[in-house]
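# Structural features, examined
The chain contents come next:
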Amino acid sequence: MSIAATEDTAERLARLKQTIEDLLKEAKRRGATAAEASVGSSAGLEVSVRLGEVETVEHTRDNGLGITVYFGNRKGSASTSDLSTGALRDAVKAACAIAEHTQEDPCAHLADAALMAAEIPDLDLYHPWHLGVEDAIEIAAACEDSARGYDPRIVNSEGASLSTHTGIQVYGNSHGFVSGYPTSRHGLSCAVIGQEGESLQRDHWWTSARAAADLDSARMVGERAAERTVARLGSRRIPTCQVPVLFRAEVATGLIRSLVSAIQGGSIYRRTSFLLDHLGERIFPDFVRIHEEPHLPRGLSSAPFDGDGVATRAKDLITDGVLQTYLLDAYSGCRLGMQTTGNAGGVRNLRIGMGDLDRAALLREMGTGLMVTELMGHGVNPVTGDYSRGAAGFWVEGGEIQHPVEEITIAGNLKRMYAGLLAVGNDYDYSGSTRTGSWLIDTMTIAGE
Amino acid sequence: MMTDPIAIARTSILEPAGLTEQDLDRLLGLLAGSAVDAADIYFQSSRLESWVLEDGIIKDGNFSIEQGAGLRAISGEKTGFAYSDELRFPALAQAAEAARAIARIGQGEQVRIGEVANKRSLYDPTNPIASLPDPDKVALLQRVDAEARRADPRVREVVASVVAVQDTVLVLGDDGALSADVRPLVRLNVSVVAEDGGRREQGSSGGGARADLDYFLLEDRALSFAREAVRLAVTNLEAGDAPAGTMTVVLGSGWPGVLLHEAIGHGLEGDFNRKGSSAFAGRIGERVAAPGVTVVDDGTLPGRRGSLNIDDEGTMTQNTVLIEDGILCAYMQDKLNARLTGTHSTGNGRRESYAHLPMPRMTNTYMLAGERDPEEIIASVDKGLYAVNFGGGQVDITSGKFVFSASEAYLIENGKVGRPVKGATLIGNGPDVLTRVSMIGNDLRLDQGVGTCGKEGQSVPVGVGQPTLRIDGLTVGGTSA
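This structure is a prediction, so every number in the text was calculated from the model and none was measured.

## Comments concerning the overall build of chain B
Each helix and strand in chain B was counted, giving 10 helices and 23 strands. Expressed as lengths along the three principal axes of its C-alpha atoms, the size of chain B is roughly 75 × 55 × 35 Å. Expressed as a percentage of its 481 residues, the buried residues of chain B come to 64%. Of the accessible surface of chain B, which amounts to about 16400 Å², a share of 48% is contributed by carbon and sulfur atoms.

## Some thoughts on the packing of aromatic side chains
In this description, an aromatic ring pair is defined by two values, namely the gap between the centres and the angle between the planes. All names here are of chain B. Inspection of the entire model under this criterion finds 17 aromatic pairs over all chains. When the centroid spacing of 5.5 Å and the interplanar angle of 80° are considered together, the rings of Tyr 215 and Phe 216 count as edge-to-face. Each of the two residues, Tyr 215 as well as Phe 216, counts as buried. When the centroid spacing of 5.8 Å and the interplanar angle of 35° are considered together, the rings of Phe 402 and Phe 404 count as tilted.

## Topic: the pairing of strand β22 (residues 458-466) of chain B
For a regular strand, the rule is simple: side chains alternate between the two faces of the sheet. Residues and elements named next belong to chain B. Summarising burial for β22: 8 of the 9 residues are buried, a large majority. Pairing geometry for strand β14 (residues 364-367) and β22, over 3 bridges, is parallel. Bridge pairing in β22 links Asn 364 to Gly 463. Relative to β22, strand β20 (residues 445-446) runs antiparallel, the two sharing 2 bridges. Residue pairing for β22: Arg 445 is matched across the bridge by Gln 466. Relative to β22, strand β21 (residues 451-455) runs antiparallel, the two sharing 5 bridges. Residue pairing for β22: Lys 455 is matched across the bridge by Gln 458. Hairpin connection, β21 to β22: the antiparallel pair is bridged by 2 residues, and Glu 456 has positive phi, about 45°.

## Quick notes on the interface of chain A and chain B
Listed per partner, the contact involves 71 residues of chain A and 77 residues of chain B. Here chain A packs against chain B, burying approximately 5900 Å² in sum over the two surfaces, 49% of which is carbon and sulfur. Where chain A meets chain B, there are 9 salt bridges. In this structure, Arg 232 of chain A and Asp 396 of chain B form a salt bridge, with 3.7 Å as the shortest nitrogen-oxygen distance. Across the chain A-chain B interface, the total number found is 38 residue pairs in polar contact (both at pLDDT 80 or more).

## A closer look at helix α8 (residues 359-366) of chain A
It helps to recall that an α-helix has 3.6 residues per turn; residues three or four apart then point in one direction. Residue and element names in this part refer to chain A. Within the sequence span of α8, burial applies to Arg 359, Ala 361, Leu 362, Leu 363 and Met 366. If you follow the buried residues of α8, they end up packed against β7 (241-247), β12 (369-376), β13 (386-397), β14 (400-413), β15 (421-424) and β17 (439-447). Positive backbone phi, approximately 75°, marks Gly 367, located one or two places after α8.

## Remarks on the environment of Ile 427 of chain B
If you trace the backbone, Ile 427 of chain B turns up in strand β18 (residues 425-429). When its relative accessible area of 1% is taken as the criterion, Ile 427 of chain B is described as buried. C-alpha separation for the pair Ile 427 of chain B and Gly 477 of chain B, spaced 50 residues apart in sequence, amounts to 7.6 Å. In contact with Ile 427 of chain B, other than residues within four places in its own chain, are Gly 390, Ala 391, Glu 407, Ile 408 and Thr 409 of chain A together with Phe 402, Val 403, Leu 474 and Thr 475 of chain B.

## Let's talk about the pattern of salt bridges
In the structure shown here, the tally under the stated rule is 60 salt bridges over all chains. Between Arg 224 of chain A and Asp 429 of chain A there is a salt bridge; the shortest N-O distance is 2.9 Å. Here Asp 429 of chain A lies in the loop between β15 and β16 (434-435) and Arg 224 of chain A lies in helix α4 (residues 218-232), a separation of 205 residues in the sequence. According to the relative accessible area criterion, Arg 224 of chain A is buried, its value standing at 13%. The residue Lys 422 of chain B makes a salt bridge to Asp 386 of chain A at a minimum N-O spacing of 3.3 Å. Taken as a pair, Lys 422 of chain B in the loop between β17 (416-421) and β18 and Asp 386 of chain A in strand β13 lie in two separate chains rather than in one. Under the relative-accessibility criterion, Asp 386 of chain A is labelled buried at 13%. Ionic contacts of the salt-bridge type, sharing partners, join the residues Asp 203, Arg 228, Arg 232, Arg 248, Glu 250 and Glu 374 of chain A together with Asp 396 of chain B into one network.

Here is what the cut-offs are and how they apply
Residue indices follow the written sequence of each chain, beginning from 1 at its first position. The naming scheme follows written order: chains are lettered A onward, ligands numbered 1 onward. It should be noted that, the model being predicted, local features are given only for residues of pLDDT at least 70 and side-chain atom pairs only at 80 or more, the latter also being counted only at that level, while totals for whole chains, interfaces and linings use all residues. Side-chain measures were taken over the full set of non-hydrogen atoms in the model, leaving aside hydrogen atoms and water. Labels follow the DSSP assignment, with helices taken as runs of H or I lasting at least four residues and strands as runs of E lasting at least two, numbered in each case from the N terminus. To sort residues, take the accessible area from a 1.4 Å probe on protein chains only and compare it with the maximum for the residue type: under 20% means buried, over 50% means exposed, and anything in between is partly exposed. The Shrake-Rupley method, run with a 1.4 Å probe, gives the accessible areas here. Residue values count only the displayed protein chains as cover. The criterion for an aromatic pair is that two Phe, Tyr or Trp rings (for Trp, the six-membered ring) have centres within 6.5 Å, with stacked assigned to planes under 30 degrees apart, edge-to-face to planes over 60 apart and tilted to the rest. Think of it this way: DSSP has to see at least two bridges between two strands before they count as a pair. In what follows, a contact means two residues having at least one pair of non-hydrogen atoms within 4.5 Å. As a working definition, buried area equals the accessible area (1.4 Å probe) given up by two parts on being put together, with both sides summed. By definition here, a salt bridge exists when the distance from a side-chain nitrogen of Lys or Arg to a carboxyl oxygen of Asp or Glu is within 4 Å. We define a polar contact as two N or O atoms separated by no more than 3.5 Å, with the added condition that, inside protein, one atom must be a possible hydrogen donor and the other a possible acceptor, whereas residues neighbouring each other in sequence contribute only through side-chain atom pairs.

As structure tokens, this is what we get:
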């Protein structure tokens, strides 16, 4: 059983809303001209099983609040994990003390009152899983068993883990906006080790969802982890060359993340983006559409309002290859002389329009090249778009996989890679908040032998 | 001013929560028992203050307080864990019972709570947040901003931040041993964007230590970080395409020691070796590096970012020789993995906070100096890469493959440092990369105190260091094939 308070969800939500009201009142009492606050409370259970034995049972319980006060156009903020009344007062006091030393910033203010989310749609994000420790262990064990039984070359395991969490987030500000909602999130993951001769390889797989019923089965997760591990056995290097590269779906999401960080308001006004001054410009071929869907029911990143209290809305980031919008919060919008796009706190559920090609067709389309299934390191320069990362995957000739590859790098420039996107497959097959198939890029430099 | 960490921890954690010696005794009784092999309670109170300058003004500041306790019970290889951000007895008792459920049976034993005197003082138990008046913190960032803009007219944007942390921890072991540590940590960062014609580049620098904030005022440190960030940005404005392929690489001294952290450090952590998932498992006594290569993990360096008086399990940190003259000698251990493999903790049991389980982690990992003059090392290379600054790295401990990304590098041609090239990721194989070390410089340097290591979602501050090294055959991931 969980040690989380057994308090009713509606009561907890009401109590956390009251906490926000109290914080805002205290900020006003101290002379703040405006204030905003958020508070979160979550509880969960995580179990891990390794080689058929329980390894850890963790009961998690996290609380946190953050407050920002404004004195005209000066601001200060504070946060604490302690939700007691005394701690709340101390936090407000600390935020006000900070604001005595920050300087006038014309953009330091709340989002316009008129932009606050007027309706809070129910996005179906709360599906608690009433799961005992024993049941959780059984599921994790079944997952690991199916991985270990998949192939005799699976010789060791890093185990399987199951986690279930529920939480409530509430945000409010001195416009009178106070709103919150409960969410849940569950996950199952597995990592195993394979051996062939001297070569040891490890790989993993996972599933994550708002509702337990939407998780992939324990067996599927285990088998997928094992399949991926076994496929890597016998990996070798390849010579340095320039060839087309297929980013398999689960790593293609990283190319979308780089796009998202390059069009975030902060990167634009700080001039640290390789897509500076590209609004309205063609950055992908014209078949590319990337769409944000913040109200997706049960979506892993769904949210009715953003971190400023502004209503979130569906929109295209890319239409016909052209950049449609930056991702702005109230502050960066003001800095750029633009309206917030409801993206305080990030982007919520992206989908890229997928083509007709399945993975086999994509490989045929590539002919000879590299299919990448894992990337390592942080070698992306956000200012220039220069890209250089460690990679592992498979060498492909005549559209057929030849052998697994490791200890190589792939390099290029994101702007050229986006422009050189030849096809997006329909092979979406993992659970994440960004939905894409695999990406075929025309050419990159592989460094190897 | 109190200087005894245990007294400070009692005053700042136990007394405000109304926790008495009897309460601690009862909690241990609930947590530990005959079926429990080991147990501990980790109390923590952490205060952090940060200030950010952007566009030439102090834009934001934040003060945060985190406190709580993590309770752990271990039976065989099983660990039960629960934590609470409420420190009152009933909440902790509930957490103790949840954590202890892992062992199911057994009677609590009586132990005597006894203080373990802190015999070591690698840093003062100060509160760096209070070490400088707020107006002086603000003025420090403004001087940094002015210095960066003065250094080069091509500087367009400057972001500077300063962070001060006071972290107080109290560890209660199942034997009743009570130990404490008060850990100051400060950090200053500068990031600039330089523009010239159509080109833009970023440069970042910074440093930190377990010290008060006046650390940055001494030896012109803060301003030198500003100049260094500008130097990096304008150097990269001139950078050409990096080469692609396997070549001789000379690594500069200091921060490039991230090589050691990724290539061998993680692979020598006790948990991976107990589980047999590391490429180094079962290789103690074997040659894993060239003769002359000696690598240590040393948590006892005064004032360093990765140093600790005691680790997060109450064990004194130590200087552990990992590789001596090329031969693998030891793994880094926490209590759990040491007990399960019949050895002793090396004082490497660390955790991000009370809400995380401890595991074997590095402290300050570095290679000892050799005898070569760094200039002689560069002069020995006909054609290769000289890499002196790096971003982060990553390793797959099972296959042994690791990467680290250069942010400042130059071509070496005919024994001379030539034109700068763009950042590129370097990739290698941990178990054999150090066998290719052919020259070791006499210029051992540690990094400036900026390292943060992530493992299984937990971040902890660490240090790295090395002398200038020549490595014969490392793969450089440029675009110029």
